[in-house]
Amino acid sequence: MVAVTAGTAIEGRVVKVSGSLVEVEGLPGAVISEVVALGRVGLLGEIVAVADGVFTVQAYEDTGGLAPGATVAALGRPLSAALGPHLLGGVFDGLLRPLSEAGEWLEPGAGAGPGDTLRWRFTPTAAPGADLAAGEAVGTLDGDGPFALLVTVPPDLPPGVPLAVESVVPAGEYAADETLAVIGGRPVTMATSWPVRRPRPFRARVDEVAALHTGQRVLDLVQPIARGSTASVPGGFGTGKTMLLQQIAKWCDADVIVYVGCGERGNEMADIVEELQSLVDPRSGRPLRLRTVVIANTSNMPMMAREASIYTGVTVAEYFRDMGLHAVVIADSTSRWAEALREFASRRGALPAEEGYPAGLASALAAFYERAGDVRTLGGGRGSVTIIGAVSPPGGDMTEPVTAHTQRFVRATWMLDRDLAYARHYPAVAWEGSFSRDAGALAGWYARNGDPTWGRRRARMGSLLAESDRLASLAELVGEGAMPGSERVVLLAGRLLRDCVLRQSALSPNDGFCSAAKGAALVDAVLAVVDRCQSLIEAGVPATRIEEADLGALVRAAEATGPADAEGVAARRDTVLAELETLS
Amino acid sequence: MTRWIGTVEHLGITRLRGPLLVVRDVHGVGWDESATVRTPDGRVRNGLVLSVDRDLAVVQVFEGTDGVGVEGTSVVFAGESTHVPVGEGWLGRVCNGRGAPIDGGPPVAGVRRAPVSGRPLNPTRREPPSEPVLTGVSAIDALTTLVRGQKLPVFSVAGLPHLELATQIAAQSTVRDAPFAVVFAGMGLTHPDVAAVRDALAERSARGELVMLLNTADDPVVERILTPRIALTVAEHLAFECGRHVLVVMADMTSYAEAVREVSADREEIPGRRAYPGYLYSDLASLYERCGRIRGVAGSVTLVPVLTMPGGDITHPVPDLTGYITEGQVVLSTAAHGSGIYPPVDPLGSLSRLMRKGAGSGRTREDHLDVAAQVMSCLSRARHVRELADLIGEEALSGTDRAYLAFAEDVERRVLSQRPDETRQIDETLDLCWRALSLLPRRELTMLAEDALARRYVARTGG
Ligand SMILES: Nc1ncnc2c1ncn2[C@@H]1O[C@H](COP(=O)(O)OP(=O)(O)OP(=O)(O)O)[C@@H](O)[C@H]1O
Ligand SMILES: [Mg+2]
């Protein structure tokens, strides 16, 4: 939340308005990236260029009615996010102003502050006389979540330099802006502020990987992602980007989710907020909403705030990371952010590069995804920011600039396929075109964490799927009946892997989310059945008889067993194996 | 429509080009402000400020600048953005694309004036849509149920009867037990189209349940930019202040987008895909996102935009960007049209993303969602069977496969097909679905509950 302070010294004048592009004169001393308040209502904008005394301002709100001659105040600071414990469970606009405080219809310049009556329980962990450095904990907040929030020494102080704790308040209930401690002459409060375009500092990136369990089998088993990693989800309209991202937001095993609705639908935002409220976090027993920060900048809200919302979201995630927590930023859709970049660049008359996007598109994307990471925090803890971004390629064209550049900078891509979606195979993650550069390292992590066969299982699935795809195109030519039995079993294996393992309806009460154990059990069940079928073929059983066998118990296993019911899956595997036994 | 708030007449026109006009020596005029342009012959046109640079203002004239000269033309700025009167006085009226009456009546009076661009609805105040609008068209009600507060476009191709379908939806739609109204916004329609639309909607209009805004193909192109905005502004008032459920039908959005493209070219903006401007997504979203429900407020705005896909290409920017904004799509197919099916809906290519929230027990009928899922899954199987039959011949098909073909045929002829003036109740529609499903062996119907099957499945032999 950004407040407009009255009586600011520098006052300039608007000279030109063209949509979100405003030109201003008479702001001596104002600097690039400084926030300005435009006109009577104080529309927020940011200085993006200066030439011959004329400042180019990118306005974050609707400039309707703004006229040359209107006054402009430079606010003396860059665009910053107001951070604090109030973020969890809240819904904010792209500039992090609480939407719950705003009216039914959003008015420009009406940036409401958080209705600050809330108080949190603070317990100090540092005593007067101790030395603390930037980013180190002063105390903890509130203990009823699955994790504790930390109040830290502001991370903008020089790292590693010890500062004396001059005073600390006793444990008790405090408001966000009350001074909790004075350290090195600086007051420390729960509420802090951070410039959204500047990555928050940390001590070092951590080399060893750990899995982020998403609860979506096609991801966890085939194209996995590590904590602190990055993934993009490109797909044409209706291919299931939002559903997939919402499933991850609900069920992945992170501590904090920052869900950025960037230029997408209002109904979807209302829906996810309502759902998060009614769903219970299996780890804390509290509504999932309390681990989530929602940033809603729907497609009909001012376009330029989309540009900011991506940075605001990642800043919020870094703030929680610095408490030693694992945060996931979900951005739906990064293409709308890129469009905002393009729109503003074209209003400025910047030379367009590919498809009208500014030449800086690739570096802007790279810099955004670079803010992800699994790190050792300044305070010595381990925290991470994982970034998952939807990409909406025009016309489903995967070679367009945003899709193509994004894939260069992310560790994983989950490519959604229109044909799979059309066949109602969800999540429509294509096994060709998708990739995970974390998979190799994660195989080692799984091996160290109780699942030594994870890597082998994945490799076997991958080769069966590829082989069955190859044979399927052959079968279209010659007919399946003309193929040798062993190849027909491979085709069957492909079908079983798709229908029993990869397919997973977000709407299914049992199967919307899948534990690692159940996922492994499902693959193992399919592989066991496939192996049995192959040995039946070797024993001379005709392929037709195998194909006609009733595998229903296996096909329905995912839907019919609870999200963590690996035993239930194993029992169904045995039923099917017994059924196959009768064929020999 | 525009009030004469401003008093200063500006005469300093320095440039005219396409629908754009540049005036100098203006002071205190804001971006997006509304303007009136008066030519020496006394004609008045409406416009909008596209940019202000020191003392120069660029004005986009909705009626175009044909016949406007530099000499003697004056511009007056309104001191506010484009506004229209809103109120129940619109109901029963027929107007052109600018909101001026073409029904011989007096100008529409309202209870107050509202900006045509609207304001974004706070997403935290939205109520997720959850009840149906019944269109009386089986293909939509049964398989892609329209939900109050949803935006569900119709994707069509030139030559298909999408305007008939749009008109039929506008004429027949209802919600049970609540006040309802329809706003029909026609854009780029031919005169015969306009006549047909007026004729088909006359009855509803006479009942005072309908607002018609009709921009014809020979009306100024830029005016088309205004038409949907007026329609939505009127609809929002009827919905959120008068408590009605309002259905807005907008046809043809491709004509609208072409108008946007034309204006963009006149403004010399950098063209994007197929020369449409890069902001077309946001522009369309600023219209489509105006549907919805508000927590604690009675009414709703539901949107059915109709568009033609140039060359039948779904990746063309207009259908593509529409698909990225709306909540599903109803796709019309030339193949279905060719085989004489009206409305020629392609059920497998169509989807209502909100259907599961708006149909079923307490909303339409308890068996609805299962029946729809079963029909879709059987249609998709039938499609494969058809492909197979093309390869190996129908005689070589198994009995079950032949039953699938009979099922698909029955769905197309009995369920999807209906007369353009026929309203089907949802019960009748679902019963017709059951009749079609009964052509299949019971064991094939795995998505239907046992008790529903026991009640409604009556095996039929052959077609
Ligand atoms: N995992 C899933 N399980 C069940 N249904 C799904 C799933 N994914 C997608 N669907 C179906 O597809 C529809 C569209 O999905 P979604 O809204 O996620 O698409 P999208 O890629 O985000 O589209 P857009 O680009 O238009 O926002 C959903 O409403 C739902 O009916
Ligand atoms: Mg989406």
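A quick note: this is a predicted structure, and the numbers were derived from the prediction, not measured. (Residues numbered from 1 in each chain as written. Chains lettered and ligands numbered in written order. Predicted model: local features only at pLDDT ≥ 70, side-chain atom pairs only at ≥ 80, totals over all residues. Heavy atoms only, no water.)

Trainee: In this structure, what is going on with the overall build of chain B? I would like to understand it.
Mentor: Along chain B, the regular secondary structure elements total 13 helices and 19 strands. For a compact globule of 463 residues, the expected C-alpha radius of gyration is about 23 Å, and chain B comes in at 25 Å, within 12% of that figure. Within the span of chain B, comprising 463 residues, buried residues form 62% of the whole. Sequence-distant contacts, at least 24 apart, represent 72% of the contacts inside chain B between residues at least 6 apart. Of the roughly 16900 Å² that chain B leaves accessible, carbon and sulfur atoms contribute 51%. Where the 50 positive side-chain charges of chain B centre and where its 58 negative ones centre are 4 Å apart. (Helix = DSSP H or I, 4+ residues; strand = E, 2+ residues; numbered from the N terminus. Rg over C-alpha atoms; globule rule 2.2 N^0.38 Å. Buried < 20%, exposed > 50% of the residue type's maximum accessible area, 1.4 Å probe, protein only. Contact = heavy atoms within 4.5 Å. Areas by Shrake-Rupley, 256 points an atom, 1.4 Å probe, with all protein chains shown as cover. Lys, Arg positive; Asp, Glu negative; His and termini not counted. Charge placed at Lys NZ, Arg CZ, Asp CG, Glu CD.)

Trainee: Any chance you could explain a nonpolar patch on the surface here in plain terms?
Mentor: A contiguous nonpolar patch, built from Leu474, Leu477 and Val478 of chain A and spanning about 300 Å² of accessible area, is present on the exposed surface. Exposure remark for Leu477 of chain A: the relative accessible area of 73% places this residue in the exposed category. (Patch = residues over 30% accessible without salt bridge, like charges linked within 9 Å, V, L, I, M, F, W, Y side chains within 5 Å. Salt bridge = Lys/Arg side-chain N within 4 Å of Asp/Glu carboxyl O.)

Trainee: How should I be thinking about the sheet that holds strand S10 (residues 131-132) of chain A in this particular structure?
Mentor: The strands that make up a sheet pair up through hydrogen bonds in the backbone, lying either parallel or antiparallel. Residues and elements named next belong to chain A. Across the sheet, which stays open at both edges, the four strands sit in the order S10-S13-S15-S16 with antiparallel pairing between neighbours. Only two strands of the sheet have a single neighbouring strand rather than two, namely S10 and strand S16 (186-188). Sheet analysis places strand S15 (residues 181-183) next to S16, joined by three bridges and oriented antiparallel. Looking across to S16, one finds that Ala181 is bridged to Val188. (Pairing = 2+ DSSP bridges.)

Trainee: Is there a simple way to explain the site of ligand 1 in this structure?
Mentor: Taken together, 19 residues are adjacent to ligand 1, and Gly238, Lys241, Thr242, Met243 and Arg265 of chain A come closest. With respect to ligand 1, its neighbouring residues span chains A and B. At a separation of 3.4 Å, an oxygen atom of ligand 1 approaches a polar backbone atom of Thr239 of chain A. A distance of 2.9 Å separates an oxygen atom of ligand 1 from a polar atom in the side chain of Arg353 of chain B. Here ligand 1 loses 95% of its free accessible area of 630 Å² to cover by the protein chains. Listing elements by their share of the shell around ligand 1, those giving two or more residues are helix H2 (241-251) of chain A together with helix H7 (317-325) of chain B. With three residues, the top contributor of residues to the shell around ligand 1 is H2 of chain A. (Near = heavy atom within 4 Å. Polar contact = N/O pair within 3.5 Å; in protein donor to acceptor, adjacent residues only side chain to side chain.)

Trainee: Mind showing me how you'd approach the nonpolar core here?
Mentor: What tends to happen in soluble globular proteins is that the nonpolar side chains get buried as a cluster. Residue and element names in this part refer to chain B. In terms of nonpolar packing, the biggest core is built from 131 residues, with Phe184, Val248, Met253, Tyr288, Phe407 and Leu437 touching the most fellow members. With ten residues, helix H4 (residues 223-240) is the single largest residue contributor to this core. Residues lining this core come from more than one domain, with at least three contributed by each of domain 2 (84-355) and domain 3 (368-456). If we ignore the near neighbours within four places in the chain, the residues touching Met253 are Met187, Leu284, Leu287, Tyr288, Pro305, Val306, Leu307 and Val318. (Core = buried A, V, L, I, M, F, W, Y, C linked by side-chain atoms within 4.5 Å. Domains from an automatic or database assignment.)

Trainee: Just checking my understanding: could you explain the domain arrangement of chain A for this structure?
Mentor: Size of an interface: often given as the accessible area lost when the parts come together. All names here are of chain A. The domains assigned to chain A are domain 1 (10-77), domain 2 (204-320 + 334-448) and domain 3 (454-581). Spacing between the C-alpha centres of domain 2 and domain 3 amounts to 31 Å. Taken together, the contact between domain 2 and domain 3 spans 24 residues of the former and 26 residues of the latter. Between domain 2 and domain 3, roughly 2100 Å² of surface is buried when both sides are summed, and carbon and sulfur atoms account for 60% of that area. A per-residue breakdown of the area domain 2 buries against domain 3 is headed by Arg217, Leu221 and Trp431, which together make up 38% of the total. (Buried area = accessible area lost by both parts, 1.4 Å probe.)

Trainee: Sorry, what's going on with the pattern of salt bridges here?
Mentor: A pair can form between side chains of opposite charge whenever their charged atoms are brought close. The final tally for this structure, using the stated rule, is 75 salt bridges over all chains. Between Arg54 of chain B and Glu25 of chain A there is a salt bridge whose closest N-O contact spans 2.7 Å. Placement of the pair is Arg54 of chain B in the loop between strand S4 (44-53) and strand S5 (56-61) and Glu25 of chain A in strand S2 (residues 21-25), with the two residues belonging to separate chains. The class of Arg54 of chain B is partly exposed, set by a relative accessible area of 38%. Under the relative-accessibility criterion, Glu25 of chain A is labelled partly exposed at 31%. Note that Glu209 of chain B and Arg207 of chain B form a salt bridge whose closest N and O atoms lie 3.4 Å from each other. Looking at Glu209 of chain B, the relative accessible area reads 21%, which means it is partly exposed. For Arg207 of chain B, a relative accessible area of 46% puts it in the partly exposed group.

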